[in-house]
Amino acid sequence: MKDKWNRRDFLRTASAATMSALAAGAPLSSLLSSCQSAHKESSADTVILLWMAGGMAHTDTFDPKIYTPFKKGMDSNGVLSTFKPVPTILDGINFSEGLESIGQIMDRGTLIRSYMAADLGHILHARHQYHWHTCYEPPQTVAAPHIGSWIARELGPKNPVIPAFINIGQRLTLGEGEELKAFHTAGFLGSEFGPFMIADPTAGLDAVKPPAGMSFQRFERRNQLYNDLISGSAFGEFGSDYQKESLRRAMEQSYMLLKSPEAKAFDLNSEPKASYDIYNTGKFGLGCLMARRLTQQGARFISVTTEYVPFEGWDTHENGHTRAAEMKRQIDKPIAQLIKDLEQSGHLDRTLIIVASEFSRDMMLEGRPGAEVLEQVDQPDIINDIKHYGMHRHFTDGGSILMFGGGIKKGSTYGKTADERPCKTIEKPIRIEQIHQTIYHALGIEQEAHAVIEGRPFYTTPDGVHKAELELLA
């Protein structure tokens, strides 16, 4: 990052930022009308989405099958799980080795084992991530809002100082950056409902304070200068009243946070060492810690991601077993501790926590039976190298999601996949539209909630016809 900025750099950045707001798809005010629904009784106030970016294999995490240890000369098609099954606190329910901590808190939530991702043609992470977060298949004629943006718009901030939608852990300068930005926005809803981005939780406080060496008085003068520049920019000339008002409110919310005591929630250095050390498995673990602190300060929607970077993390195109072991080390204790801490502080009952991924993985099949797509990994029939031992191909016909708190049933399981390859969904299939509507239902947001853009209704889920899966709720 630059230590010094000249006037030309500042103007260029301001111009780019404002034009990107236009490009995000915010509509002309005359074409968007507010159709917020009357809210019903709710079981949750806050949502935390723990995003396993890159494709988390269900058979190597929360839905293990027969375990086959690695040995040279083994048949790829005979490998269903590459980790031993370990018992959870629920009778007869196993997780795979490395997820023991989460297994011991499953009496607080529900395990879904029948999530089915959409058939979107050639499988790209960007397309499925966009679909999961917006509930709309790309491309769309307008920029579809993120689920967090819909929630921010329908319910507003729980604490007026804390941003209603906070995203933790994803850099937007790596990999499929532009595609990722497509769903990291409020789309046509406007800037005020977009995410407050924290790329690195260890530097979270930096996101809510002026740059080093700058006084608040000087920052205030620059803030006013920025407002003046916006008014005289292309955004001020061509942006609609709706867009300009939305951006103004977004800036005011950020400024209010900057000056508030609640900003300390972003400073992990104030966390007691014993607690910090439990969460400190990497950026994701510390993101869970920040999510806990922000929830306790009144956040509305928080997303914490393991971060999508091509061929890293859960994107296990090779070395699948080795990589999955490391990812489980990063997520197991922090997720379990987050649940326990929120329970202890009395926040779990009104906080809905979701652990999910864009799709699952298989060693042999790309896509799903009957809808196979182009293979992206060269998986040999006979395994002689440990790098080929693991789930390397994208699989959309089965997957696992965990849900806790916020009115979700405790100690429950939902759905089932086959015990033999292909380990596809065979009972109670559930799709993203039902997941989204279940979240909205828990928050008290009506099924028909929508906005009108270009004279047409745009619902939280396509056509407004999908319903919550009430069996998931207590």
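For the structure, check the block above.
Overview of the structure. This one's a predicted model, so the numbers in the text were calculated from it and none came from an experiment.

What follows concerns the overall build of the chain. When helices and strands are counted, the chain shows 12 helices and 19 strands. Within the chain, the proportion of its 474 residues that are buried is 56%. The long-range share in the chain, meaning contacts at least 24 apart out of those at least 6 apart in sequence, stands at 77%. Carbon and sulfur atoms form 51% of the exposed surface of the chain, whose accessible area is close to 19,700 Å².

Once that is clear, we can look at the nonpolar core. Leu50, Met52, Phe95, Ile102, Ile166, Leu294 and Leu402 are the most contacted members of the largest nonpolar core, which has 51 residues in total. Where this core is concerned, the elements lending two or more residues are strand S2 (46-51), strand S7 (165-168), strand S8 (196-198), helix H10 (283-296), strand S9 (301-305), helix H11 (320-345), strand S10 (351-356) and strand S14 (401-404). If one sorts the elements of this core by residue count, H11 sits on top with eight residues. Those residues within four positions of Leu402 in sequence are excluded, and the remaining contacts are Phe62, Phe95, Ile102, Met106, Thr110, Leu111, Ile353, Ile354 and Val355.

This part takes up the packing of aromatic side chains. For the coordinates displayed, the defined rule picks out eight aromatic pairs. Residues Phe165 and Phe301 carry aromatic rings whose centres are separated by 5.3 Å and whose planes lie at 90 degrees to one another, so their mutual orientation is edge-to-face. On the criterion of sequence distance, the pair formed by Phe165 in strand S7 and Phe301 in strand S9 is long-range, its members being 136 residues apart. Owing to a relative accessible area of 1%, Phe165 belongs among the buried residues under this scheme.

Our next topic: helix H3 (residues 125-134). The element H3 is extensively covered by neighbouring structure, given that nine of its 10 residues are classed as buried. Among all positions in H3, only His125, Ala126, His128, Gln129, Tyr130, His131, Trp132, His133 and Thr134 are buried. Phi for Cys135, located one or two positions after H3, is positive at around 75 degrees.

What you see with strand S18 (residues 450-453) is no split at all: His450 and Val452 on one side and Ala451 and Ile453 on the other are buried throughout. Taken together, the four bridges between S18 and strand S19 (residues 456-459) define a ladder with antiparallel strand orientation. The residue of S19 that forms the bridge with Ala451 is Phe458. Linking S18 to S19, which pair antiparallel, is a turn of two residues; within it Glu454 sits at a positive phi near 55 degrees.

Next up on the list: the environment of Ala299. In this fold, Ala299 is placed in the loop between H10 and S9. Given the relative accessible area of 0%, Ala299 is considered buried. It is 6.8 Å that separates the C-alpha atoms of Ala299 and Pro163, two residues lying 136 residues apart in sequence. Leaving out residues up to four positions away in the same chain, Ala299 has contacts with Thr46, Lys158, Ile162, Ile166 and Leu294.

Conventions we followed
Residues numbered from 1 in each chain as written. Predicted model: local features only at pLDDT ≥ 70, side-chain atom pairs only at ≥ 80, totals over all residues. Heavy atoms only, no water. Helix = DSSP H or I, 4+ residues; strand = E, 2+ residues; numbered from the N terminus. Buried < 20%, exposed > 50% of the residue type's maximum accessible area, 1.4 Å probe, protein only. Contact = heavy atoms within 4.5 Å. Areas by Shrake-Rupley, 256 points an atom, 1.4 Å probe, with all protein chains shown as cover. Core = buried A, V, L, I, M, F, W, Y, C linked by side-chain atoms within 4.5 Å. Phe/Tyr/Trp six-rings, centres within 6.5 Å; stacked < 30°, edge-to-face > 60°. Pairing = 2+ DSSP bridges.

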